[in-house]
Amino acid sequence: MSNTPINLAKSAIWSILFLVATSGTAQDGTIYPHETPNEPNAIPLETGGVEDQPASETWFRQWGDPMARNITKATLTPFLPDPEKANGTTVIVAPGGGFRWLSLGNEGWEVAEALAEQGITAFVLKYRLHPTPESLDDFRASMERPATPPAESSDDESETRPERPRSNLSNQLEDAEAAYAMIVERAEEWGVDTSNIGMMGFSAGAGLTMHSTLNSKTMDLAFIAPIYGGLNEVEVPEDAPPMFNVIAADDFLFYGEFGLIESWHKAGKPVEFHLYQNGGHGFGLGNPDRTSNRWFDAFIHWLKVNKFLVSNSEE
């Protein structure tokens, strides 16, 4: 895929927006200590560590979900479907968390299990993160700090939005590329159709999905599904894959702009966009009584209609 400075800059700019936005969400949920869980199926990607990382990986619980921070060693965890259901379609799942933590339950394991139930071979990518304070108290304090305030009012509408500093996603891109390479290498073992590998990401994971799509020279994604990610305009690669995109109108990442969707459409690339009335941010597979709760059903239908689920296409 193409790798231009413009694409790198744009994807980095809006990917850091997830950091600002998800930091705001954390203020509303109490952060509790959580024992590091066993991950017996997690496979090290051997992509290296994190520079200037003062702390080791630790976990916490928020909104009832397990989350990891200070991840320095990336892993890939397979969720393989029942062989009688398996169709060869494969999805790399990238959880969100502002590149400072990962919502591995809500936006990783649960999603991968749902995909496997549909016969899809799923892999949760536990990618490296930017450093956070070692103590949980200091981490809580960092989450309570207000996001960068908007610039003073002016005639420029863009200045009423939070600042979007650039973020270096080289580690995260390297992890995604290593995950893709491992899946291709072990495709026969895992029942993977190497021509039918997609990527789905949530919030910051949606940013990584887009960053990989716009900048990777080694990943050949068949389709992408950025879920409640940024929607700013991008330069679309010539080999850009079909896109399935979801966000809720009451998500604080949504500013009423559709640049990403328009970019894909103007480039003549297949795109499906769902703007749900409500759902907020970070809803994963869904929260009670929200219109966005049916997005996963729509995604599976989209895969079938576009022949990504070959063995199920006539169901």
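Below: a short report on this structure. (Residues numbered from 1 in each chain as written. Predicted model: local features only at pLDDT ≥ 70, side-chain atom pairs only at ≥ 80, totals over all residues. Heavy atoms only, no water.)

Next up on the list: the overall build of the protein chain. Looking only at helices and strands, the protein chain has 8 helices and 12 strands in total. Counting all 315 residues of the protein chain, 55% fall into the buried class. As displayed, the protein chain has an accessible area near 13,800 Å², and 48% of this comes from carbon and sulfur atoms. (Helix = DSSP H or I, 4+ residues; strand = E, 2+ residues; numbered from the N terminus. Buried < 20%, exposed > 50% of the residue type's maximum accessible area, 1.4 Å probe, protein only. Areas by Shrake-Rupley, 256 points an atom, 1.4 Å probe, with all protein chains shown as cover.)

Note on helix geometry: an α-helix contains 3.6 residues per turn, so any two residues three or four positions apart are oriented the same way. Of all the residues in helix H8 (residues 295-305), the buried ones are Trp295, Phe296, Ala298, Phe299, Ile300, Trp302 and Leu303. The inward-facing, buried residues of H8 contact helix H2 (105-117), strand E9 (197-202), strand E10 (223-227), strand E11 (243-248) and strand E12 (271-276). Where H8 ends, the next residue or the one after it, Lys307, has phi of about 65°, a positive value. (Contact = heavy atoms within 4.5 Å.)

Another point: helix H7 (residues 259-266). The set of residues buried in H7 consists of Gly259, Leu260, Ile261, Ser263 and Trp264. Looking at the buried positions of H7, the neighbouring elements they touch are helix H6 (204-215), E10, E11 and E12. One or two residues past the end of H7 sits Gly268, with phi positive at roughly 75°.

Our focus in this paragraph is the packing of aromatic side chains. Evaluation of the coordinates by the stated rule reveals 20 aromatic pairs. Relative to Phe299, the ring of Phe296 has its centre 6.5 Å away and its plane inclined at 45°; by these criteria the two rings are tilted. With Phe296 and Phe299 both in helix H8, this residue pair falls 3 residues apart, about one helical turn. Measuring from ring centre to ring centre gives 6.1 Å for Phe299 and Trp302, while their planes differ by 25°; the resulting arrangement is stacked. (Phe/Tyr/Trp six-rings, centres within 6.5 Å; stacked < 30°, edge-to-face > 60°.)

Okay, the sheet that holds strand E1 (residues 32-34) next. In space, the 4 strands of this open sheet follow the order E1-E3-E4-E7, with antiparallel pairing throughout. The sheet is open, and its two edges are formed by E1 and strand E7 (101-102), each paired on a single side. Bridging between strand E4 (residues 65-69) and E7 involves 2 bridges; their strand directions are antiparallel. When the sheet's bridge partners are listed, Ala68 is paired in E7 with Leu102. (Pairing = 2+ DSSP bridges.)

Glancing now at the side chain of Ser216. Here Ser216 is to be found in the loop between H6 and E10. On the accessibility criterion, Ser216 (0% relative accessible area) is buried. A distance of 3.0 Å separates the side chain of Ser216 from the backbone nitrogen of Met219, its partner in a polar contact. (Polar contact = N/O pair within 3.5 Å; in protein donor to acceptor, adjacent residues only side chain to side chain.)

Moving on to the environment of Lys126. Note that Lys126 resides in strand E8 (residues 121-126). Setting aside chain neighbours within four positions, we find Lys126 in contact with Glu39, Glu57, Trp59, Ile71, Lys73, Ala74, Thr75, Leu102 and Leu104. A polar contact is formed between the side chain of Lys126 and the side chain of Glu57, at a distance of 2.7 Å.

So, about the nonpolar core. Counting residues in hydrophobic clusters, the biggest one holds 76 residues, and the most contacted among them are Trp264, Trp295 and Phe299. For this core, the element with the highest residue contribution is H8, accounting for 7 residues. Here Trp295 is in contact with Met200, Phe202, Ile227, Phe244, Val246, Tyr276, Phe283, Gly284 and Leu285, once residues within four sequence places are set aside. (Core = buried A, V, L, I, M, F, W, Y, C linked by side-chain atoms within 4.5 Å.)

A word on the pattern of salt bridges. As enumerated under the stated definition, the model contains 7 salt bridges in all. Notably, a salt bridge pairs Glu39 with Lys126, separated by 2.8 Å at the nearest N-O pair. A residue pair is termed long-range when its members are at least 10 positions apart, and Glu39 in the loop between E1 and strand E2 (43-44) and Lys126 in strand E8 qualify at 87 residues. Here Lys85 and Glu117 are joined by a salt bridge, their closest N and O atoms 3.2 Å apart. Note that Lys85 is positioned in the loop between strand E5 (75-79) and strand E6 (90-94) and Glu117 in helix H2, a separation of 32 residues in sequence. Residue classification places Lys85 among the partly exposed positions, given a relative accessible area of 38%. A relative accessible area of 54% places Glu117 in the exposed class. (Salt bridge = Lys/Arg side-chain N within 4 Å of Asp/Glu carboxyl O.)

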